[in-house]
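In case you want the letters, here they are:
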Amino acid sequence: MRIAYCIGALNLGGIGTVAKNLSDYFEAKGDSFHIITTHHKGNNFENALLNGWKVKDVSNNEHSLKKRLINTYDALLEYDVLINNHSDEVRFILPALPEKQVKISVQHNTTIASSKSLAYNAQYLNYWAGVSPSVIEVVKNYNPTINNLALLPNGVQEFSFQKIKKFKKGTIRLGYVGRLDQKQKNIFLLPKLMLELEKANYRVELYIAGDGEHKNKLKEKFNKMSPKGKVTIMGRIDSKEIDLLFQKCDFLLNPSFWEGLPMVVLEAMSSGLIPILSNIGPHKYAVGEELSKTLITESNIASYVAVILKMRKNENLFINYRGQIRKQWENNFSIQAFGYNYEHLIERAKLEKSSNKQIGLDDIKLPFKELIKTTYIYMFLQKMYRKV
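To start, this report covers the structure provided alongside it. None of these values were measured; they are calculated from a predicted model.

Reading the values: rules and limits
Residues numbered from 1 in each chain as written. Predicted model: local features only at pLDDT ≥ 70, side-chain atom pairs only at ≥ 80, totals over all residues. Heavy atoms only, no water. Buried < 20%, exposed > 50% of the residue type's maximum accessible area, 1.4 Å probe, protein only. Helix = DSSP H or I, 4+ residues; strand = E, 2+ residues; numbered from the N terminus. Arc of directions from axis to C-beta. Contact = heavy atoms within 4.5 Å. Pairing = 2+ DSSP bridges. Axes fitted to C-alpha atoms, helices over the stretch in contact; angles between N-to-C directions. Parallel < 35°, antiparallel > 145°, perpendicular 65-115°, else oblique. Left-handed = near helix turned anticlockwise from the far one by under 90°. Nonpolar A, V, L, I, M, F, W, Y, C, P; charged D, E, K, R; others polar.

### Regarding helix α9 (residues 215-225)
Within α9, the full set of buried residues consists of Lys 215, Leu 218 and Phe 222. Along the axis of α9, the buried residues cluster in a sector spanning 65 degrees; they form a single face. The outward face of α9, more than 90 degrees from its buried face, is lined by the exposed residues Asn 216, Asn 223 and Lys 224. Those residues of α9 that are buried lie in contact with α8 (189-199), β9 (203-209) and β10 (230-233). Following α9 by one or two positions, Ser 226 adopts a phi angle in the positive range, close to 50 degrees.

### Observations regarding the sheet that holds strand β2 (residues 32-37)
A sheet is described by the order of its strands in space; here seven strands give the open sequence β3-β2-β1-β4-β5-β6-β7, paired in parallel fashion. Where the open sheet ends on each side, the last strands, each with one partner, are β3 (55-57) and β7 (149-151). If you compare each strand with its neighbour and ignore which way they point, the axes differ by 25 degrees on average. Where strand β5 (residues 102-107) and strand β6 (residues 127-130) come together, four bridges link them in parallel fashion. By the bridge assignment for β6, Ile 104 is matched with Tyr 127.

### A look at the sheet that holds β9
Ordered in space as β10-β9-β8-β11-β12, the five strands form an open sheet in which the pairing is parallel. Two strands close off the open sheet at either side, each with one partner strand: β10 and β12 (274-277). Here the strands of the sheet are splayed against their neighbours by 25 degrees on average, with no regard to which way each runs. With four bridges joining them, strand β11 (residues 251-254) and β12 adopt parallel strand pairing. By the bridge assignment, Asn 254 is partnered in β12 with Leu 277. Contacts between α8 and the sheet are confined to β8 (171-177), β9, β10 and β11, with β9 contributing the most and set at about 165 degrees to the helix.

### Quick notes on the packing of α8 against helix α14 (residues 301-312)
Packing of α8 against α14 brings their axes to within 10 Å, and their N-to-C directions diverge by 55 degrees. In terms of orientation, α8 and α14 fall into the oblique class. As for how α8 packs across α14, the hand of that crossing is right-handed. Only Ile 301, Tyr 304, Val 305, Ile 308 and Leu 309 of α14 make contact with α8, whose side of the interface consists of Leu 189, Lys 192, Leu 193, Glu 196 and Leu 197. In terms of residue class, the contact of α8 with α14 is built from eight nonpolar, no polar and two charged.

Take a look at the structure:
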């Protein structure tokens, strides 16, 4: 089976990791799998290539949308299965692709904008998938007539699991890994939480990995609040460094206002690191119904403190939850579970006959704002703008 996993660009972050994990699963089974960039290479393409990822760029650094559409179409004809992860070029050419080709589009977030954009040509998909029930719910609300929805949760590689993990005397060690952005990630909660835990007579060590537009503002807040404990902000780190960070910490924090299905939470679960989470649907789905009763906060400081102290003061409870959280990952979000879900959906799609007839590439229709980008005047203005 020849599988193409299409993305606009291969940038640092979760989408590339998802693609690589799925590639590992199918290649281990003897299938051909390529991660294909259609808009531009992105900032992680060359690094991925050096690390042995099966990546292909079909954009050829082309500024013309029309030429990128032709490049993408020509490249995808050789594949049996197409998995689209928010590539505009793929969305636009779906009607021209072979009817026998299995086509699955995967939505990773709960934004209306994504549901709106992915709805374009969705009738040519075998399945429109969401990574969590919360994503599926958003898609249904925006597109009530869609009936080919499927749940395809992400999966992550196993991180190191320490069977015996003891608390450091008088200390609580916390970790945060992710984008340093207040709008979605709620990172300004971190210094406040640190101060409140210090009021409970604990020394706090907080390890923060990531980068983003509010990094400097976060540093300012730590300086202004002056917590007594240790704060380490280390920027972006690779998977080996994340593994080491997990081993240092007692708990992982993810206080986001919204998520699709956060990869870092699944990665922490694989290592037995207990996540302390905000009260949103994807977090509840990640840890499961039973563990949600303890690990999901009420999204306020007092609730975060209460959840952390409950386990910090009861080591047996802490050990029990570590085992449960790892089992939840193994059963639902390991590479094996992840790959099986995709494989099963592909096999189902192969048995179903498409009701939409293939059309010629010259006959596809573009949204008006994209159609403008194919005009000579637009291309001329783009060239002039780049010269300035």
